[in-house]
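# Notes for the structure review
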Amino acid sequence: MSFMDPDHPSSSSCNRDWFFPSPSFIHSTHPIPSSRTLKPPKKFYSSARRSGSQKISYSLEPPLSQKPNPILPLDNRYGGIRRRIDFDRTRDKMQRSDDETFNSTPTEKKNLLEEKTTRIVGRLKSCFRWNRRNLVFPVIITIFFYLLRKNFILQGQVKDLEEQILILKLRLQECNLPGSVHNINSNAEESFISTESLRTSALIFSLLLLSTPFLIFKYIDYVSKTRRSSKEVSLNKQLEYHVDVFLSVHPYTKPLALLIATLLLIFIGGVALFGVTDDGLADCLWLSWTYVASSGNHADSEGIGPRLVSVSISFGGMLIFAMMLGLVSDAISEKLDSLRKGKSEVVESSHTLILGWSEKLGTLLNQLVIANESLGGGTVVVMAERDKEEMELDIAKMEFDFRGTSVICRSGNPCILADLKKVSVSKARAIIVLAEDGNADQSDARALRTVLSLTGVKEGLRGHIVVELSDLDNEVLVKLVGGELVETVVAHDVIGRLMIQCARQPGLAQIWEDILGFENCEFYIKRWPGLDGMCFEDVLISFADAIPCGVKSVACGGKIILNPDDSYVLQEGDEVLVIAEDDDTYAPTTLPMVKEASLIEIIRPTKEPQKILLCGWRRDIDDMIVVLDAFLAPESELWMFNEVPENDRVKKLTDGGLDFDRLMNITLVHREGNAVIRRNLESLPLETFDSILILADESVEDSAIQADSRSLATLLLIRDIQAKRLPYSKETPVHREAFSKVSWMGEMQQASDKSVIISEILDPRTKNLLSMSKISDYVLSNELVSMALAMVAEDRQINDVLEELFAEEGNEMHIRQANLYLHEEEELNFFEVLLRARQRKEIVIGYRLANAERAVINPPNKSERRNWSSKDAFVVIAEKE
């Protein structure tokens, strides 16, 4: 093929000059990979043949007025490399090549011709190789259609044979029915022709149905490509968005789509089988369903057409059943995951709901289990932002018997109403909101949000809310939000006040542990109509298995009067506050016979100034200072030893609300240092302190084990320094025989008799170490707070009693010596001791014998007489001194 001259007349009539470059020219100027060829469009060839043109001009160049780039980038839409040729340079090069060929010698012309021929042959070979690789798919398609055509031909031959057999049968019947053969043949031919056309139409219809989705997808893709350059969103993205929204909104879309796909496959397969077999449409539809349901049913098919259709239906059936299996598996997995992760709703009523997770949960659950034991067990639901399996595993590791109580865990956020509804919050009889471990302000803020969510429950709350707070300043805000539904327990305030009481009266922590827990005796409030009209002095000795402590007075608006006057007469509707083992273990009896109580005139010792040391720093230390100022005698000293600089210390106390000018009884002495470094402790006059309080420092209170380790280290260092400074006396008795009198433990025991050390312990497991040493008293802060939460959850009225017992004014627990109520070796029963204590307006709730390690609260056999010693001690409820 020769190149056309750009100035040839045949090309001047066209708007663009087109030509088809030779392979040698393409190879020499712009090499193209062998897998791609340049071919003129088919329309151009056909128009050239129709016009009878001898020369074909073809070019990839735009008009000469434009200046295109010489090479176009790769276009993925057409699967090849498009190269734009600069025809100005190409034509100049062609002209120069023709001039050189014209002016060259015959030998050079021959060499050039051979070179061009070699290039053309190589190019043709590469094109042939490329075409051979790309002709595989068309060959396969051709073979497929050939086999399909062959199948139709064979089916036609079979039908012809059947027609001939039918004609022969009719001819056999000619002998019996003469004159009807022609009509029968014509009817049979017409019936056969109509059936054949119907089957062909059914086959074409099934093929059209199969091709319809592909045509729709191609149309969508075409429309999307036409909108690619515009700002309008493409059609396929719009469809994807709508489908996504539809699947998200309607949960049953996937099964419905699978059902529709199954029905379509059965219908299309049945129509296709009707087109390639001789069965009826109903039989073909049933046969299509069998192919869909079982992939092995197509093995009996005969003929290429039926086999192809049956195999296609079987493949579709396998795909559908695989999708159905995936949907069923996903649904089962989601259900099991929801059960495992605690997403199902709790269908319970009158249960105790605990919101949050902390180190106090173990003790709290134990107390609730003991409280529910008398009822045969109960239900406790715990919801926290933790994995359900982790919570169940941690609860299973707790070393106590659940005694018929079931604990149900759920994962959720207590601040979200949907999660609260999941645990049947409206049907719970009590809701406990635990404080989080960490920052106090953040914990109280989260508790406030939880209370707001609880008050927003539409169904309303059946039970009351018990909120554990970390800071006393936030109590007013929580009560303002929760109203009458909320009872608050300020953990740090309770522990701080309890430590101060224990510093003044060693052994009081064990008594509070017995009263707050449900294992021994606790507070109960109940109405007894038979006691109406009796004075409180007679009510005191009316219970053989309980000790009355106060009255819930109707005349005072339901207020609990702790330790009322003896002249108080119970009215109708009044309830009695007692200390008993359980709510069903006591009842009033007839008044016992007791001796008339004789008054013993003993002058109580006056309060003397004390010297107290506070080791460590906590956020509510300003409140502890105020309480100490109210309890201690004038001219007392309070030494503060911690790592906070003195300037920052004063600023923090002032910001906390402490007014130094209002401190009437104590004088603050500041010392800076680390309580676990012996050198810093030796700078203090440790042998001169009456009481030492070791606090869980604010810097390590998040870790119970670390805080307890620091407390133990400080305790041992202080006792050792005291033992070295105090003169050791061999005549001093040691309470435990296991300790040698000349050992360091014996020296520490003697030092403990000189001063009292109260340690704040967070982990209940640490108390075993302290109880064995007998060199210090301790306060189990987390355990006592958990007990208080459980008690208030069981009966919210008890919170008023606890608040009064821990307040600066009113009544509190005391440990009194026996010589205040009786003489040495005097024989009295407990009722008589109780009446003697009433002469001082005190209520005796228990005693501790001189040789006993623990006190007995609500002793049994109160009518039994015994000889008391002046070294015995009584536990009483009395007004604060």
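Residues numbered from 1 in each chain as written. Predicted model: local features only at pLDDT ≥ 70, side-chain atom pairs only at ≥ 80, totals over all residues. Heavy atoms only, no water.

### Some remarks on the side chain of N413
Here is the rule we go by: Each helix is a run of H or I in the DSSP string that is no shorter than four residues. Each strand is a run of E no shorter than two, and both are numbered from the N terminus. Only protein chains enter the accessibility calculation, which uses a 1.4 Å probe; a residue is then buried when its area is under 20% of its type maximum, exposed when over 50%, and partly exposed in between. Between two residues, a contact is recorded if the distance between any of their heavy atoms is within 4.5 Å.
Within the element layout of this structure, N413 appears in the loop between β5 (406-411) and α14 (417-422). Accessibility expressed as a relative area gives 18% for N413, which makes it buried. Excluding its chain neighbours within four sequence positions, the residues that come into contact with N413 are M383, E385, D419 and R446.

### As for the packing of aromatic side chains
Note the following rule: Classification of ring pairs rests on two measures: the distance between centres of Phe, Tyr or Trp rings, Trp counted by its six-membered ring, which must be within 6.5 Å, and the angle between planes, read as stacked under 30 degrees, edge-to-face over 60 and tilted in between. For a Lys NZ or an Arg CZ to count as sitting over a ring, it must be within 6 Å of the ring centre and within 35 degrees of the ring normal.
Evaluated as defined, the whole model comprises ten aromatic pairs. Between F400 and F402, the aromatic rings sit 5.0 Å apart at their centres with planes inclined by 55°, giving tilted as the arrangement. On the accessibility criterion, F400 (18% relative accessible area) is buried. An aromatic cluster is defined as three or more aromatic residues linked by ring pairs; in this entry it consists of Y821, F830, Y847, W868 and F874. Note that R504 overlies the ring of F631, its terminal NZ or CZ placed 4.5 Å from the centroid. When the ring centre of W868 is taken as origin, the NZ or CZ atom of R866, which lies over that ring, is 5.3 Å away.

### Quick word on the sheet that holds strand β19 (residues 811-817)
What counts, and what does not: A pair of strands counts as paired when DSSP detects no fewer than two bridges linking them. Whenever a helix is involved, its axis is fitted only over the stretch in contact; in every case the axis is a line through C-alpha atoms, and angles between N-to-C directions fall within 0 to 180 degrees.
Spatially, four strands are ordered β19-β24-β21-β22 in an open sheet, and the strand pairing comes out antiparallel. Two strands lie at the open edges of the sheet, namely β19 and β22 (856-857), each paired on one side alone. Here helix α18 (residues 508-516) sits on the sheet and contacts β19, β21 (843-848), β22 and β24 (873-879); the angle it forms with β19, its principal contact strand, is near 125°.

### A word on the nonpolar core
Our working rule: As used here, the term nonpolar core means buried Ala, Val, Leu, Ile, Met, Phe, Trp, Tyr and Cys residues forming a set that is joined through side-chain atoms within 4.5 Å.
Counting 122 residues, the largest nonpolar core has I354, F523, I845 and F874 as its most contacted members. Core analysis: the second largest hydrophobic core is formed by 23 residues, M383, A428, L454 and L469 among them.

### Observations concerning the sheet that holds strand β8 (residues 486-490)
Here we have six strands laid out as an open sheet, ordered β5-β4-β3-β6-β7-β8, and parallel in their pairing. Since the sheet does not close on itself, it has two edges, and those belong to β5 and β8, each with one partner. Averaged over all adjacent pairs, the angle separating strand axes in this sheet is 20°, with direction ignored. Direction of pairing for strand β7 (residues 464-469) relative to β8: parallel, over a ladder of five bridges. Following the sheet pairing, V467 is matched in β8 by T488. Along the sheet, helix α13 (residues 388-396) makes contact with β4 (379-384) and β5, crossing β5 at roughly 150°.

### A few points about the confidence of the model for the chain
Worth spelling out the cut-off: pLDDT: the predictor's confidence for each residue, scored from 0 to 100.
Summing up the model confidence of the chain, the mean pLDDT is 76 and the portion of residues at 70 or higher is 72%. Contacts for the low-pLDDT stretch residues 127-134, under 50 throughout, to residues beyond four places or in other chains number eight contacts.

### Some remarks on a nonpolar patch on the surface
Stated formally: Two joining distances apply to patches: 9 Å for like charges and 5 Å for nonpolar side chains (Val, Leu, Ile, Met, Phe, Trp, Tyr), and every residue must have over 30% relative accessible area and no salt bridge. With residues, only the protein chains shown are counted as cover, and all accessible areas are computed by Shrake-Rupley using a 1.4 Å probe. Whenever a carboxyl oxygen of Asp or Glu lies within 4 Å of a side-chain nitrogen of Lys or Arg, that contact is scored as a salt bridge.
A surface patch of nonpolar side chains, about 770 Å² in accessible area, is lined by W286, W289, F321, M324, V328, I332, L336 and L339. For F321, the location among the structural elements is in helix α11 (residues 304-340). The class of F321 is partly exposed, set by a relative accessible area of 31%.

### Focus on the environment of Q505
Within the secondary structure, Q505 sits in the loop between α17 (491-504) and α18. Classification of Q505 by relative accessible area gives buried; the value is 10%. Spatially, the C-alpha atom of Q505 lies 7.2 Å from that of H814, the residues being 309 residues apart in sequence. Other than its neighbours up to four places away in sequence, Q505 contacts M813, H814 and I815.

### Looking at the pattern of salt bridges
With the rule as written, the count across this model stands at 31 salt bridges. We note a salt bridge from E794 to R429, for which the minimum N-O separation is 3.2 Å. Taken together, the residues span a long stretch of sequence, with E794 in helix α26 (residues 781-794) and R429 in the loop between α14 and β6 (430-433) at a distance of 365 residues. In this structure, D720 engages R678 in a salt bridge whose closest nitrogen and oxygen atoms are separated by 2.8 Å. Of the two residues, D720 is situated in helix α23 (residues 704-725) and R678 in helix α22 (residues 678-681); the sequence distance between them amounts to 42 residues. You can call D720 buried: its relative accessible area is 16%. With relative accessibility at 30%, the residue R678 sits in the partly exposed group. Put simply, R678, E682, D720 and K724 are held in one network by salt bridges that share partners.

### Quick notes on the environment of G517
Positionally, G517 belongs in the loop between α18 and β9 (522-526). The exposure class assigned to G517 is buried, which follows from its relative accessible area of 4%. Note: C-alpha distance between G517 and E783 (266 residues apart in sequence) is 9.1 Å.

### As for the packing of helix α9 (residues 253-276) against helix α10 (residues 281-293)
Just so we agree on the cut-off: Orientation is classified from the angle alone, with under 35 degrees giving roughly parallel, over 145 giving roughly antiparallel, 65 to 115 giving roughly perpendicular, and any other angle giving oblique. Note on convention: near helix rotated counterclockwise from far helix by under a right angle means a left-handed crossing. Clockwise means right-handed. Classification convention: Asp, Glu, Lys, Arg as charged; Ala, Val, Leu, Ile, Met, Phe, Trp, Tyr, Cys, Pro as nonpolar; all other residues, Gly among them, as polar.
Taken N-terminus to C-terminus, the directions of α9 and α10 make an angle of 125°; their axes are 8 Å apart at the nearest point. Of the possible angle classes, the one that applies to α9 and α10 is oblique. With respect to the hand of their crossing, α9 and α10 are arranged in right-handed fashion. Between α9, through T262, L265, I266, F267, G269, G270, L273 and F274, and α10, the contact on the second element is made entirely by L281, C284, L285, L287, S288, W289, Y291 and V292. A per-class count over the contact of α9 with α10 returns twelve nonpolar, four polar and no charged.

### Focus: a negative patch on the surface
The line we're drawing: Only four residue types enter the charge count: Lys and Arg as positive, Asp and Glu as negative, with His and the chain ends excluded. Charge positions are represented by NZ for Lys, CZ for Arg, CG for Asp and CD for Glu.
Together, E162, D278, D279 and D283 make up a negatively charged patch on the protein surface. Positionally, E162 belongs in helix α6 (residues 136-172). A residue is classified by how much of its surface remains accessible, and E162, at 39% relative accessible area, is partly exposed.

### Quick notes on the pairing of strand β15 (residues 666-672)
Rule in force here: Clockwise travel from the first strand over the helix to the second, with the strands pointing away from the viewer, marks a crossover as right-handed.
Relative to β15, strand β14 (residues 636-642) runs parallel, the two being bridged by seven bridges. Paired with M640 across the strands is H670, a residue of β15. Read from β14 through helix α21 (residues 646-655) to β15, the crossover connection turns out right-handed.

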